[in-house]
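Coordinates in review
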Amino acid sequence: MGRVSGKVALVTGAALGIGKATALLLAREGAKVVIADLKEEEGHAAVAEVEAAGGEALFVSLNVTQEEDWKKAIEAITAKFGGLDIAVNNAGILYNGSVEETSLADWRRVQSVNLDGVFLGTRYAVEAMKPRGAGSIINLSSIEGLIGDPTLAAYNASKGGVRLFTKSAALHCARAGYRIRVNSIHPGYIWTPMVQGFTSATPDQVAARQKLIDLHPLGHLGEPDDIAYGILFLASDESKFMTGSELVIDGGYTA
Ligand code: NAD
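Heads up: these notes are all about the structure in this document. From a predicted model like this one, the values you see are computed outputs, not experimental measurements.

Another point: a nonpolar patch on the surface. A cluster of nonpolar side chains, Leu146, Ile147 and Val248, forms an exposed patch at the surface whose accessible area comes to about 200 Å². One can find Leu146 in the loop between strand 5 (135–140) and helix 5 (153–175).

See the structure below:
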């Protein structure tokens, strides 16, 4: 018996990185997983990995910023699996820039994916979960949603927004008697394509990676599975008394 046996779990941004590790882990623990992403080739490859391990998976092409895509995704999930129990709003983008360096267009692009995407994902997940009478929604914030960074103006704002939006949605669902829990996850720096993209190419970038490592008292960056296991806990009934909570998994970064 897996920890989420028989549940239907949607993970956005599941073609790569933390989202992919989460989808594979939820599938290993018995869930039917929906891999939702812009990246079709990598998304289908993730589905094939789940199936090769004996699990069930569906790829849906989803841009989290587009409401029409959400409507179609929920229709496809309901048609294939009959409903939704777990939603992981993981898709996100990083933008490096201080308040002086960030254009309005870049600001809006970041808020659109990181904040509008989580809002739409939560709204559509609640609607899909209500007929089941229960559910768990997990929103990806960051340590950058807890503390400020002068070089991450738009990203800080978006991840701080995810943190408090999650609490608002959690309180609403609890007070409405839906038995739908909503929690946020706050990773430190995790070795995924997002972080590899600015810490691998040049000697300066490799030096920047060492600086990032030094900010984590445990002495290394996290791995995608370190976050996936936290998500699994919040997805499962083991966390049934948790809602509106913040799970920080950061190697001691914010301690
Ligand atoms: P990643 O860049 O490695 O992967 C992100 C995935 O999201 C990709 O598959 C991408 O195609 C998808 N995606 C991007 N925009 C999308 C959109 N509009 N619609 C649908 N899919 C989209 O990222 P990651 O490092 O795995 O990060 C996952 C989440 O965790 C993000 O929300 C990120 O902000 C957060 N996070 C990451 C770290 C880290 O250090 N990696 C730390 C804290 C928080």
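Quick look at the packing of aromatic side chains now. All told, the structure shown has two aromatic pairs when counted by the stated rule. Ring centres of Tyr189 and Tyr253 lie 6.2 Å apart, and the angle between their planes is 35°; this geometry places the pair in the tilted category. In this pair, Tyr189 sits in the loop between strand 6 (180–187) and helix 6 (193–196) while Tyr253 sits in the segment after strand 7 (246–249), placing the two residues 64 residues apart along the sequence. No difference in accessibility class separates Tyr189 from Tyr253, as the two residues are buried.

In this section: the side chain of Ser141. Mapped onto the elements, Ser141 comes out in the loop between strand 5 and helix 5. The exposure class of Ser141 is buried, given its relative accessible area of 4%. A polar atom in the side chain of Ser141 sits 3.3 Å from the side chain of His186. The residues contacting Ser141, other than those within four sequence positions of it, are Lys159, Val162, Arg163, Ile185, His186 and Pro187.

The next point concerns the layout of surface pockets. Approximately 780 Å³ is the volume found for the largest pocket. Around the largest pocket, the lining is made up of 35 residues, and of these Asn90, Ala91, Gly92, Ile93 and Met194 lie nearest the centre. Residue assignment for the lining of the largest pocket shows that the elements contributing at least two residues are helix 1 (17–28), strand 2 (32–37), helix 5 and helix 6. Partitioning the lining of the largest pocket into residue classes produces 19 nonpolar, 12 polar and four charged.

Once that is clear, we can look at the packing of helix 4 (residues 104–129) against helix 5. One way to put it is that helix 4 packs onto helix 5 with a least axis distance of 9 Å and a crossing angle of 15°. If you check the angle between helix 4 and helix 5, you find them roughly parallel. Judged by the twist between their axes, the crossing of helix 4 over helix 5 is right-handed. The residues of helix 5 that touch helix 4, namely those facing Trp107, Val110, Gln111, Asn114, Leu115, Val118, Phe119, Thr122 and Val126, are Ala153, Ala154, Tyr155, Ala157, Ser158, Lys159, Gly161, Val162, Phe165, Ala169 and Cys173. Tallied by class, residues from the contact of helix 4 with helix 5 come to 14 nonpolar, five polar and one charged.

Bringing the site of the ligand into the picture now. Inspection of the region around the ligand gives 28 residues, with Asp37, Asn90, Tyr155, Ile190 and Thr192 positioned closest. One of the backbone N or O atoms of Ile190 is found 2.7 Å from an oxygen atom in the ligand. The cavity that encloses the ligand is the largest pocket. Secondary-structure elements contributing two or more residues to the shell around the ligand are helix 1, helix 5 and helix 6. Considering every element that reaches the shell around the ligand, the biggest residue donor is helix 6, with three residues. Counted by class, the shell around the ligand contains 16 nonpolar, nine polar and three charged residues.

Rules used throughout
- Residues numbered from 1 in each chain as written.
- Predicted model: local features only at pLDDT ≥ 70, side-chain atom pairs only at ≥ 80, totals over all residues.
- Heavy atoms only, no water.
- Patch = residues over 30% accessible without salt bridge, like charges linked within 9 Å, V, L, I, M, F, W, Y side chains within 5 Å.
- Areas by Shrake-Rupley, 256 points an atom, 1.4 Å probe, with all protein chains shown as cover.
- Salt bridge = Lys/Arg side-chain N within 4 Å of Asp/Glu carboxyl O.
- Helix = DSSP H or I, 4+ residues; strand = E, 2+ residues; numbered from the N terminus.
- Phe/Tyr/Trp six-rings, centres within 6.5 Å; stacked < 30°, edge-to-face > 60°.
- Buried < 20%, exposed > 50% of the residue type's maximum accessible area, 1.4 Å probe, protein only.
- Polar contact = N/O pair within 3.5 Å; in protein donor to acceptor, adjacent residues only side chain to side chain.
- Contact = heavy atoms within 4.5 Å.
- 1 Å grid on protein atoms, 1.4 Å probe; cavity = no way out; pocket = protein on both sides within 12 Å on 5 of 7 lines; lining within 4 Å.
- Points joined across faces, edges and corners; volume = space filled by probe spheres on them.
- Nonpolar A, V, L, I, M, F, W, Y, C, P; charged D, E, K, R; others polar.
- Axes fitted to C-alpha atoms, helices over the stretch in contact; angles between N-to-C directions.
- Parallel < 35°, antiparallel > 145°, perpendicular 65-115°, else oblique.
- Left-handed = near helix turned anticlockwise from the far one by under 90°.
- Near = heavy atom within 4 Å.
- Sits in = over half its atoms within 2 Å of the grid points.

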